[in-house]
Amino acid sequence: MTQVIAGQRRRYGRLGDLLVRWSFMLPTIVLLMAVLAYPIFYTLEISFSSFDMSIFGAGEWVGWDNYETVLQDYRFWDSLRVTLIYLVIALPLQVALGFGIAFLINAEWGGRGLIRALFIIPMVVAPVVAGGIWRMILDPLWGIMNYFLGLVGLGPFDWFGDPNLAMATIIIIDTWRWTPFIVLIATAALLALPKDVFEAAKIDGANWWAMLWSVALPLLVPIIAATFVIRWLGAVKLFDIVLASTYGGPGKATSVINLFIYEEAFRSFHFAESAAMVMIVLVLTMVLTGLFLRGSRKLEESF
Amino acid sequence: MKSGYLARGSENWLLRAATVALMATGLTMASASAQDGLGTAEKPIQLRVIANSAFSHTWQSVLVPEFNKVYPNIKVTIDGVPYNEHLAKLMLEATSADPEYDVLVIDDPWTPQLAQLGALVDLKGPKVAPITSAEYDWADFNSAPLASGEWKGVQYSIPVRSNMLLMFYNRAHYKKAGLPEPTPALTWEQYFEQAPKLVQDMNGDGTVDAWAVDTFFVRDQLTPPIWQAILNANGGSLLDGKGVPAFNNEIGVAALEKHKKLLEYAPPGALGHGLQESLQTFRQGAVATMFMWGSVYKATGVDPKASTLTLKELGMQVMPVGSASAGTHRGIWTAGISAKTKQLNASWAFVEWLTSKRGEKINVSLAGSFPARKSTLNAPSEDWMKPVFSTLQESYDVAAKGRMWRIRSPRSDATQQILADEVARALAGQVSPKEALDVAAKRIAKVLK
């Protein structure tokens, strides 16, 4: 009898515990459903429908038609290719630069705090403002960049007229903006590394390079992988810098996928096709993010 | 007899009194009717207008006070929207159950799109005709600008800020290069013959600091009109009589090659130039010519805060002549009334005043807008207006003759974006002009189907 009562109490206790936990989570769940799940499902609905302009919403069901249209559109593939080029160059560059700079400024010296604080500035500048300012700096006619490069006999460069340079421009602006973020994470990670391991390596006669390559880097790999995933999630959203600096040009040289989707939706009013593109990009991003997370876990286990 | 007289007299008196009373009642009713929907001092009407941010602020500060001198009880708020978001905002407005705006200011190619959605009131229809002043002169409008507010025979909106693509030139550059000043008879061949000489060293320091031309080259919906102006001047057109794309032919390709050739004589980075950049280079005296919307004239030649140029240096005319005619392109801002407005009378009072002979003159004089009425064009009130108005009248005639405007269709925005994409690819050398126009024609045919 006593055991039965104790069992019941345990059950009620567990139930109560469960209720308390869910009651804490409920507001967040409701909020996420409203601001995240509903727009995604609404976009999904539109992607399988025609878009009725008179009600500005989903019209009749058209099955996979919008997806077929999108997959047959060369501009969609071009934009994906442009986005891929940007990601393949910008992400490793930013991660390498970020950790490299962090390692260099990790040494104890006066004014280190100030430099770290200054590093935050590019991150807090609005992307549209950053794009506009860089557009002025790199202007082939009036910009100061060509002026300074001219002093050392370089250029003039047509930053926005040459397709390759235009992509380089986007990568430069994005790297200027986001490398400090990685520097901050990397600096925190470096400070958190166990000092005794470095001291032991020093006693064993390890030089600066050996300490970086054989001690610091293996310890940092999980952080580097996590940073890469975080930065990847930010980079796939690239839109505003392109809009403010190159407008996707010259031609379609910097027309990244998000800019293309925006133009198709809000300039050509192809909302249904745009919704299909959004869903395709969402699935692609989720798959790649899943792969990166898996890779990052494997790296953690290896080191 | 007397009684009869008296009786007749009193009858007359009664008749007169009744007549006076009736007239008084009638006048009161008429007066009440005239004031219906136009607000009172105690209960003014709030009217909201959506317009382009390029001129909304000026309108609010200089035109609304003038309007309020005539209609003091209609409080007008003009909201400005950037060009690229303007149509999307209008479309959302048109489909909203509770729209915010009473008067919609619409760009040239958007009228069919909004009319198709039922977003606009028929301005000559049964709702507006009875409240239109007898003095309102529809026949006074030039046909080309007025047609931009029309769709399928219905007048949905009226020109409030007319614009045409024109050729601006800097006389100092032509003089320095030893070239004659351009005239409206200048052909594209002559233009390209002169262009290399206009790439020159203006300040004598031994380096090139001035170029022949700047205009729209960037991937933008306003870039294809430059190519189209050359196409139209050579007798080509965007669509044939059946509404099928007709620009992917020799004339179209040659026009796009000419547009691309302009880059050879343009300043570095011109491939990324649109309205602001080309305007800047011209106003800074770095280019000899600019193909640009005419409405920038006043700020370019008259306003020292905006430009280094003066009216003495600034010339303006239609774009060079092709095998068929001179070139231009129509870009008219028109004002229409939202079909869902609850303030029809006040909305029409505003649109009617703004587009009336008097309102247009005020708009031209205070806001620098270009007129659409013949009476305004024939009587320029300020010196700077004289050459502008004669060029404008000429460009209206040329545009009307050559149908020099963007595709008129409820899908016009989509077609213009296609042209923007493909013209930009050709200008950037990513595809040949022929391939770009073939792709554009195929895609536009699909959109218009």
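Quantities reported herein were computed from a predicted structural model and do not represent experimental measurements.

A.B. asks: Give a detailed account of the overall build of chain B, specifying residues and quantitative values.
C.D. replies: Of regular secondary structure, chain B possesses 17 helices and 11 strands. Across its three principal directions, the C-alpha atoms of chain B cover 110 × 50 × 40 Å. Scored against the burial criterion, the 449 residues of chain B give a buried share of 49%. Residue pairs in contact within chain B that sit at least 24 positions apart in sequence constitute 74% of those at least 6 positions apart.

A.B. asks: Kindly report on the domain arrangement of chain B, identifying the contributing residues and their values.
C.D. replies: Residues and elements named next belong to chain B. Splitting chain B by domain gives domain 1 (45-163 + 331-379) and domain 2 (165-329 + 404-448). Taking only C-alpha atoms, the centre of domain 1 and the centre of domain 2 are 29 Å apart. On the domain 2 side, the residues contacting the 14 residues of domain 1 number 15 residues. Tallying contributions element by element places helix α4 (residues 111-116) first for the side of domain 1 that touches domain 2, with three residues. A class-by-class count of the residues in the side of domain 1 that touches domain 2 yields five nonpolar, seven polar and two charged.

A.B. asks: I'd like to hear about unusual backbone geometry, residue by residue, with values.
C.D. replies: Trans is the prevailing form of peptide bonds, just as negative phi is the prevailing case for residues other than glycine. Residue proline 250 of chain A follows glycine 249 of chain A across a cis peptide bond; omega there is 0°. Position of proline 250 of chain A among the secondary structure elements: in the loop between α11 (240-245) and α12 (257-266). Backbone geometry places lysine 152 of chain B, a non-glycine residue, at a positive phi of 50°. Relative to the helices and strands, lysine 152 of chain B is located in the loop between β4 (150-151) and β5 (154-155). Assessed through the 9 C-beta atoms surrounding it within 10 Å, lysine 152 of chain B is described here as exposed. The phi torsion at arginine 403 of chain B lies on the positive side, around 50°, for a residue other than glycine.

A.B. asks: Tell me about the environment of tyrosine 156 of chain B, and please be specific about residues and values.
C.D. replies: Residues and elements named next belong to chain B. Position of tyrosine 156 relative to the elements: it lies in the loop between β5 and β6 (157-161). Separated by 179 residues in sequence, tyrosine 156 and alanine 335 place their C-alpha atoms 8.3 Å apart. With residues near it in sequence (within four places) discarded, tyrosine 156 still touches Thr111, Ala115, Leu120, Asp122, Leu123, Gly149, Glu150, Trp151 and Gly336.

A.B. asks: So what about the interface of chain B and chain A? Which residues, and what values?
C.D. replies: In this complex, chain B contributes 23 residues to the contact, which on the side of chain A involves 26 residues. Secondary structure elements with two or more residues in the side of chain B that touches chain A: α3 (83-95) and α16 (412-427) of chain B. With six residues, α16 of chain B is the single largest residue contributor to the side of chain B that touches chain A.

A.B. asks: Tell me about the confidence of the model for chain A, and name the residues and values.
C.D. replies: As a note on interpretation, predicted positions should not be read in detail where pLDDT is low. For chain A, the mean per-residue pLDDT works out to 88, and 98% of the residues sit at or above 70. Mean pLDDT across the elements of chain A bottoms out in helix α4 (residues 112-119) of chain A (77) and peaks in helix α2 (residues 65-71) of chain A (95).

A.B. asks: Talk me through the packing of helix α9 (residues 250-261) of chain B against helix α17 (residues 433-448) of chain B; I want residue IDs and the actual numbers.
C.D. replies: Residue and element names in this part refer to chain B. For the pair α9 and α17, the least separation of the axes is 9 Å and the interaxial angle reads 120°. By the angle between their directions, the pair α9 and α17 is classed as oblique. Considering the relative orientation of α9 and α17, their crossing is right-handed. For the pair α9 and α17, contact is made by Gly252, Val253, Leu256, Glu257 and Lys260 and by Pro433, Lys434, Ala436 and Leu437, respectively. Considering only residue class, the contact of α9 with α17 consists of five nonpolar, one polar and three charged.

A.B. asks: With reference to specific residues and values, describe the pairing of strand β2 (residues 74-81) of chain B.
C.D. replies: All names here are of chain B. For strand β1 (residues 45-52) and β2, the ladder comprises eight bridges, and the chain directions are parallel. Looking at the pairing, isoleucine 45 lines up with isoleucine 74 of β2. Regarding the hand of the β-α-β motif, the stretch spanning β1, helix α2 (residues 56-70) and β2 is right-handed.

A.B. asks: Would you mind going over the environment of isoleucine 46 of chain A in detail, with residue names and values included?
C.D. replies: Residues and elements named next belong to chain A. Relative to the elements of secondary structure, isoleucine 46 occurs in helix α1 (residues 2-47). For isoleucine 46, a count of 23 C-beta atoms within 10 Å puts it in the buried group. Once the C-alpha coordinates of isoleucine 46 and leucine 114 are considered, the two residues, 68 residues apart in sequence, prove to be 50 Å apart. Each residue touching isoleucine 46, except ones within four places of it in the same chain, is listed here: Phe51, Ala58, Phe271, Ala272 and Ala275.

A.B. asks: Talk me through the packing of helix α3 (residues 74-104) of chain A against helix α8 (residues 163-192) of chain A; I want residue IDs and the actual numbers.
C.D. replies: How two helices pack is summed up by the angle between their axes together with the distance between the axes. Residues and elements named next belong to chain A. Where α3 meets α8, the closest approach of the two axes is 7 Å, and the angle between their N-to-C directions is 40°. With respect to their mutual orientation, α3 and α8 come out oblique. In this structure, α3 crosses over α8, and the sense of that crossing is right-handed. When its residues are assigned to classes, the contact of α3 with α8 shows 19 nonpolar, five polar and one charged.

A.B. asks: I'd like a description of α9 of chain B, backed by residues and values.
C.D. replies: Three- or four-residue spacings in an α-helix give side chains the same orientation, since the helix completes a turn every 3.6 residues. When the terminal C-alpha atoms of α9 of chain B are compared, their 16 Å separation across 12 residues agrees well with the 16 Å that a helix rising 1.5 Å per residue should span. Every buried residue belonging to α9 of chain B is among Ile251, Gly252, Val253, Ala255, Leu256, Lys258 and His259 of chain B, and all of these are buried.

A.B. asks: Any details on the domain arrangement of chain A? Residues and values, ideally.
C.D. replies: Residues and elements named next belong to chain A. Its domain assignment divides chain A into domain 1 (2-47) and domain 2 (69-302). One C-alpha centre belongs to domain 1, the other to domain 2; they are set 37 Å apart. In this assembly, four residues from domain 1 lie in contact with six residues from domain 2. Split into classes, the residues belonging to the side of domain 1 that touches domain 2 amount to two nonpolar, two polar and no charged.

A.B. asks: Outline helix α8 (residues 224-233) of chain B, supporting the account with residue identities and numerical values.
C.D. replies: Residue and element names in this part refer to chain B. Taking burial as the measure, the 10 residues of α8 include 10 buried ones, the bulk of the element. Of all the positions in α8, only Pro224, Pro225, Ile226, Trp227, Gln228, Ala229, Ile230, Leu231, Asn232 and Ala233 are classed as buried. Those residues of α8 that are buried lie in contact with β7 (165-170), α7 (188-198), α9, β9 (287-293), α15 (385-402) and α16.

Reading guide: rules and limits
Residues numbered from 1 in each chain as written. Chains lettered and ligands numbered in written order. Predicted model: local features only at pLDDT ≥ 70, side-chain atom pairs only at ≥ 80, totals over all residues. Helix = DSSP H or I, 4+ residues; strand = E, 2+ residues; numbered from the N terminus. Buried ≥ 20, exposed ≤ 12 C-beta atoms within 10 Å, placed from the backbone. Contact = placed C-beta atoms within 7 Å. Domains from an automatic or database assignment. Nonpolar A, V, L, I, M, F, W, Y, C, P; charged D, E, K, R; others polar. pLDDT = per-residue confidence, 0-100. Axes fitted to C-alpha atoms, helices over the stretch in contact; angles between N-to-C directions. Parallel < 35°, antiparallel > 145°, perpendicular 65-115°, else oblique. Left-handed = near helix turned anticlockwise from the far one by under 90°. Pairing = 2+ DSSP bridges. Right-handed = clockwise from strand over helix to strand, strands pointing away. Expected span 1.5 Å × (residues − 1).

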